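An overview of the molecular structure
The residues making up each chain are set out below.
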Amino acid sequence: MPRVVRHPERTLWVTSYVPEAIRGLYTTLRHFLRGLFKYETLPTIPYPTIKTPIPKDYRGKHRLLKRADGTPRCVACGMCAAACPARCIRVDAGEAENGLVEKRAVRFEIDHLACVFCGLCVEACPVDAIRMDTGETSFVHDSREKFVVGMEELLR
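What comes next is a walk through the structure. (Residues numbered from 1 in each chain as written. Predicted model: local features only at pLDDT ≥ 70, side-chain atom pairs only at ≥ 80, totals over all residues. Heavy atoms only, no water.)

Notes on the packing of aromatic side chains
The final tally for this structure, using the stated rule, is one aromatic pair. Relative to phenylalanine 139, the ring of phenylalanine 117 lies with its centre 5.6 Å away and its plane at 25°, an arrangement referred to as stacked. One end of the pair, phenylalanine 117, is in the loop between strand S3 (103–111) and helix H4 (120–124); the other, phenylalanine 139, is in the loop between strand S4 (130–131) and strand S5 (148–149), with 22 residues separating them in the sequence. Accessibility expressed as a relative area gives 24% for phenylalanine 139, which makes it partly exposed. (Phe/Tyr/Trp six-rings, centres within 6.5 Å; stacked < 30°, edge-to-face > 60°. Helix = DSSP H or I, 4+ residues; strand = E, 2+ residues; numbered from the N terminus. Buried < 20%, exposed > 50% of the residue type's maximum accessible area, 1.4 Å probe, protein only.)

Shown next, in the form of structure tokens:
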């Protein structure tokens, strides 16, 4: 047997949505006054002065690692560029001066405007030459060309 659900009769006052509008304005005014007089109770962080802790596995800006003698660890195999879905990594190979490795990276560039920070380049690197553990989260430049970083900046 079906159950009959009785609803209260809708008056003109209820159908005009005036009570709900008043409730919404009350909530907005309450939040505004709380932020105005009790700023420290707001669930926000004043970013430039206080920075939130970054998890250790957060993928931030890239960096290249160096060997013990100070040369880049990258052997210019191109695995990072091949694994990159955004195609933002460019690697040019050249002859290595020392006999430890066959070739070295002459040019290594990453376009941070095109990068999606997926971390596939880090996983693809066979010699663990590139990492994304710098903890840098904000990239601010005044031109697009400065977002393309070369080997000198990545080795810092």
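What about the pattern of salt bridges?
Under the counting rule described, the total for this entry stands at eight salt bridges. Its salt-bridge partner being arginine 63, residue aspartate 133 comes within 2.6 Å of it at the nearest N-O pair. Of this pair, aspartate 133 sits in the loop between S4 and S5 while arginine 63 sits in strand S1 (residues 63–64), and the two are 70 residues apart along the sequence. With relative accessibility at 23%, the residue arginine 63 sits in the partly exposed group. Salt bridges sharing common partners tie together Arg73, Asp128 and Arg131. (Salt bridge = Lys/Arg side-chain N within 4 Å of Asp/Glu carboxyl O.)

Looking at the side chain of aspartate 111
Secondary-structure assignment places aspartate 111 in strand S3. Buried charge without a partner: aspartate 111 forms no salt bridge, and the closest opposite charge is arginine 90, 4.6 Å away. Apart from the residues lying within four places of it in its own chain, the contact partners of aspartate 111 are Cys88, Arg90, Phe147 and Val148. (Lys, Arg positive; Asp, Glu negative; His and termini not counted. Contact = heavy atoms within 4.5 Å.)

Concerning empty space enclosed by the protein
For the coordinates displayed, the defined rule picks out two cavities of 30 Å³ or more. If you add up the space inside the largest cavity, you get close to 80 Å³. Along the wall of the largest cavity there are 15 residues; nearest its centre are Cys74, Cys77, Cys80, Phe108 and Cys125. For the lining of the largest cavity, a count of residues per class yields 14 nonpolar, one polar and no charged. Computed from the structure, the second largest cavity encloses a volume of approximately 60 Å³. When grouped by side-chain class, the residues that make up the lining of the second largest cavity number 11 nonpolar, two polar and no charged. (1 Å grid on protein atoms, 1.4 Å probe; cavity = no way out; pocket = protein on both sides within 12 Å on 5 of 7 lines; lining within 4 Å. Points joined across faces, edges and corners; volume = space filled by probe spheres on them. Nonpolar A, V, L, I, M, F, W, Y, C, P; charged D, E, K, R; others polar.)

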